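# Observations on chain architecture
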Amino acid sequence: MDIFSAAVMLFLIMDPLGNLPIFASILRHIDPKKRRKVLIRELLFALVIMLSFLYAGEAILNFLNLRSESVSIAGGIILFLIAIKMIFPSPGGVAGLAAGEEPFIVPMAIPLMAGPSILAALILLAHTDSSRMTDWTIALVSAWGMSAVILMFYKLFTRILGEKGLIAVERLMGMVLVMISVQMLLDGISNYINFTVS
């Protein structure tokens with residue numbers, strides 16, 4: 001996987017367009033003068049958390065003595081389940097905040113931006129090729145940057161796309177993520193078969 005492919009995969013998992021309505025509903029109850037400050041703070045928290053998992057993930061997998069094939073297969077299954085949820089979303093919000101309450105790390109940084117899915121994908125990338133950590137860091141920061149721009153201009157994107165447009169784009173992103181997850185699963189199975197045969 002090259003930097004561009006990794007960045008696209010991470011961007012799709014972060015799902016900024018899918019998070020737009022949730023971010024908008026959380027920020028709506030905050031003082032307008034503080035909204036941008038709160039959003040920037042939460043985005044930076046999310047980046048720090050994701051970078052921590054990218055660099056500590058390899059050590060965790062080595063400690064658990066997991067092979068790259070098992071991580072690839074598990075990652076493919078996880079991404080597939082996430083993609084299915086993007087295509088067929090479940091009703092109900094995930095914010096859980098009282099009106100006017102200012103979010104701090106939860107739920108905007110975790111789990112909306114830096115959720116279990118993106119953290120698992122970062123661990124997978126680090127384990128796939130630990131010699132390319134600079135590439136993975138560039139991919140992560142690029143995906144985070146694109147997501148941050150979309151979320152910073154949440155009002156504009158919501159106005160342009162509309163509610164139905166956001167749903168359509170999110171489902172399209174889910175379809176792309178399904179294909180990526182299936183490829184990861186097939187690669188893991190193929191590598192495992194080659195390893196056992198040889």
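Let me sum up the structure you'll find in this document. The structure displayed is predicted, hence computed values, not measured ones.

### Side note on a nonpolar patch on the surface
Side chains of Ile77, Phe80, Leu81, Val182 and Leu186 sit close together on the surface and give an oily, nonpolar patch of about 430 Å² of accessible area. Put simply, the parts of the chain that give the nonpolar patch at least two residues each are helix 4 (68–87) and helix 8 (154–197). With respect to the helices and strands, the residue Leu81 is situated in helix 4. On the basis of relative accessible area, Leu81 is assigned to the exposed category, the value being 51%.

### Quick word on the side chain of Ser181
Structurally, Ser181 is set in helix 8. Residue classification places Ser181 among the buried positions, given a relative accessible area of 1%. Of note is the side chain of Ser181, whose polar atom sits 2.7 Å from the backbone oxygen of Val178. Leaving out residues up to four positions away in the same chain, Ser181 has contacts with Gly76, Leu79 and Phe80.

### Some thoughts on the packing of helix 1 (residues 3–14) against helix 8
Relative orientation of the contacting elements helix 1 and helix 8 amounts to 125 degrees, with a least axis distance of 10 Å. In terms of their interaxial angle, helix 1 and helix 8 are classed as oblique. Crossing handedness for the pair helix 1 and helix 8: left-handed. Packed against helix 1, whose contacting residues are Met9, Phe11, Leu12 and Ile13, the element helix 8 presents Met173, Val176, Leu177, Ile180 and Met184 at the interface. Class assignment for the residues of the contact of helix 1 with helix 8 results in nine nonpolar, no polar and no charged.

### Quick notes on the pattern of salt bridges
One pass over the structure, following the stated rule, counts two salt bridges. The shortest N-O distance in the salt bridge between Glu42 and Arg41 comes to 3.1 Å. With relative accessibility at 23%, the residue Arg41 sits in the partly exposed group. Salt-bridge contacts for Asp135 lead to Arg132; the nearest nitrogen and oxygen are separated by 3.0 Å. For Asp135, a relative accessible area of 22% puts it in the partly exposed group.

### With respect to the packing of aromatic side chains
A full pass over the atoms with the stated rule returns one aromatic pair. Between Phe45 and Phe104, the aromatic rings sit 5.3 Å apart at their centres with planes inclined by 80 degrees, giving edge-to-face as the arrangement. With a gap of 59 residues between them, Phe45 in helix 3 (residues 32–64) and Phe104 in the loop between helix 4 and helix 5 (108–113) connect regions that are remote in the sequence. Phe45 sits in the partly exposed class, given a relative accessible area of 26%.

### Considerations on the environment of Ala120
Checked against the element boundaries, Ala120 lands in helix 6 (residues 116–128). Taking the C-alpha atoms as reference points, Ala120 and Met173, separated by 53 residues in sequence, lie 19 Å from one another.

### So, the packing of helix 4 against helix 8
Two elements in contact, helix 4 and helix 8, have axes whose closest approach is 7 Å; the angle formed by their N-to-C orientations is 160 degrees. Classified by the interaxial angle, the pair formed by helix 4 and helix 8 is roughly antiparallel. Both helix 4 and helix 8 take part in a crossing whose hand is left-handed. Among the residues making up the contact of helix 4 with helix 8, the classes are represented as 18 nonpolar, seven polar and three charged.

Calculation rules
Residues numbered from 1 in each chain as written. Predicted model: local features only at pLDDT ≥ 70, side-chain atom pairs only at ≥ 80, totals over all residues. Heavy atoms only, no water. Patch = residues over 30% accessible without salt bridge, like charges linked within 9 Å, V, L, I, M, F, W, Y side chains within 5 Å. Areas by Shrake-Rupley, 256 points an atom, 1.4 Å probe, with all protein chains shown as cover. Salt bridge = Lys/Arg side-chain N within 4 Å of Asp/Glu carboxyl O. Helix = DSSP H or I, 4+ residues; strand = E, 2+ residues; numbered from the N terminus. Buried < 20%, exposed > 50% of the residue type's maximum accessible area, 1.4 Å probe, protein only. Polar contact = N/O pair within 3.5 Å; in protein donor to acceptor, adjacent residues only side chain to side chain. Contact = heavy atoms within 4.5 Å. Axes fitted to C-alpha atoms, helices over the stretch in contact; angles between N-to-C directions. Parallel < 35°, antiparallel > 145°, perpendicular 65-115°, else oblique. Left-handed = near helix turned anticlockwise from the far one by under 90°. Nonpolar A, V, L, I, M, F, W, Y, C, P; charged D, E, K, R; others polar. Phe/Tyr/Trp six-rings, centres within 6.5 Å; stacked < 30°, edge-to-face > 60°.

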